[in-house]
Amino acid sequence: MNILFTYLTAFSGHGGIEKFNRAFIKALDEDGEYKLIVSSLHDKNKNEKYLIHAQFQGFGGKRIYYLLKVVYSALRSDILIIGHINLAIAGFAAMFFNPRLKIVIIAHGIDIKGKLGFIKKTVLKKADRILSVSNYTKNILISEQNIEPEKITVFPDTFDPHFIFPQQFNKNESLMMRYGLKVIDKILIIICRLSFQEGYKGYDRVIDALPGIIANHPDAKYLIAGKYDEQEKLRIEQMIKNNKMEGKVIFTGFIKEEELIDHFLLGDVFVMPSTNEGFGIVYIEAMACGLPVIAGNKDGSADALDNGKLGYLIDPGSIDEITKAVSLALASAENDAEYKLNLQQKVKDKFGFPIFKSRLKQIIQEVFKTS
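Now for a quick tour of the structure. Since the model is a prediction, treat every value here as computed from it, not as a measurement.

1. Description of the pairing of strand β11 (residues 269-272)
Moving on, step 1. Residues of β11 alternate between two faces, with V269 and V271 on one and F270 and M272 on the opposite face, all of them buried.
Moving on, step 2. Looking at chain direction, strand β8 (residues 186-191) and β11 are connected through two bridges and run parallel. Looking across to β11, one finds that I189 is bridged to F270.
Moving on, step 3. Taken together, β11, helix α10 (residues 281-288) and strand β12 (residues 293-296) constitute a β-α-β crossover, and its handedness is right-handed.

2. Brief notes about helix α1 (residues 16-31)
Moving on, step 1. The end-to-end C-alpha distance of α1 is 23 Å, a good match for the 22 Å that 16 residues give at a rise of 1.5 Å each.
Moving on, step 2. Among the 16 residues in α1, 13 count as buried, and that is most of the element.

3. Structural notes on the side chain of T323
Moving on, step 1. By the secondary structure assignment, T323 is in helix α12 (residues 319-332).
Moving on, step 2. Judged by relative accessible area, T323 falls into the buried class, the value being 13%.
Moving on, step 3. Filtering out sequence-adjacent residues up to four positions away, T323 remains in contact with A209, G212 and I213.

4. Quick look at the sheet that holds strand β13 (residues 312-314)
Moving on, step 1. Judged by pairing direction, the sheet is parallel, and its six strands sit side by side in the order β10-β9-β8-β11-β12-β13 without closing on themselves. At either margin of the open sheet sits one strand with a lone partner, and together these are β10 (249-253) and β13. Pairwise comparison of adjacent strand axes, ignoring direction, gives a mean angle of 25 degrees for this sheet.
Moving on, step 2. Pairing of β8 with strand β9 (residues 220-225), which is carried by six bridges, proceeds in the parallel orientation. The partner of I191 across the bridge, within β9, is A225.

Parameters and conventions
Residues numbered from 1 in each chain as written. Predicted model: local features only at pLDDT ≥ 70, side-chain atom pairs only at ≥ 80, totals over all residues. Heavy atoms only, no water. Buried < 20%, exposed > 50% of the residue type's maximum accessible area, 1.4 Å probe, protein only. Helix = DSSP H or I, 4+ residues; strand = E, 2+ residues; numbered from the N terminus. Pairing = 2+ DSSP bridges. Right-handed = clockwise from strand over helix to strand, strands pointing away. Expected span 1.5 Å × (residues − 1). Contact = heavy atoms within 4.5 Å. Axes fitted to C-alpha atoms, helices over the stretch in contact; angles between N-to-C directions.

Here's what the structure looks like:
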């Protein structure tokens, strides 16, 4: 069996899709039962932590060369796995030149919402299998794109294969000093990108809920960790001023990968009531660091929290529900290592990389055997 996996970025980005792609590449590369080619539109080089055995093709954004090379590689492949619907043109061309080629597409969430162009729509319809990262995304495929449910397999995200699961849960003193935090502070934390164009992560609604939260927990602070664009930061700063919450919200800016775990460990509760999340790897990372998680019940967050079995699901549009959930979580937050290790184990059992790898192997076998 010959497999070609094509994707946008994995090794030159830091978002959730990049994390998914790195785990996906490593799972494919470690299987060893087929010949694998991995082809990226934007990555120039591979990272041998994730890819050792397979042939790698990196095109650094050279679209025409990328397309020609992918189609050529697809002529000798049995399965083409497309990592993002924006690469549908590669699948469209490959199907034309290799009619026996089986197509698998990965759907993340907002990428397949709304009206799609002819090529994207055609490739979705012609695909042999669509891997949806959540039931939320699956429902979008069915309701908005009219995809047959039997073609869709829910295939949740996982941890980075090299994610370090903490065994100690102490707060990093140097980070506490960096952000001016005190031992008595109760830290609400979110780790995400702040984008004026997106605006669905829900940190703005948490800021509107902060006055009510502070009334119950005067030492509460909201740590907003992640890269931001200036327009969004100005909007959020105005919301902070309107709510008279100056000094209660802290922006960290971009977080280095090597500091990610220590930032999670600063928190007492992770709060991200999003409305349009495909899955949300950040939720399972937070739980792996022992944090209770509060998320919205309208999107793929529900899958990440195993429909409420792993955390709090609330109406993300309700300031009252956010206030009550955060206040409850802070009041009942378990700080002992036993509780945190137990939560960590539950999320590993549900979303760990070995499970992800095993499920992918099974799916590939099913697709290959289907006539």
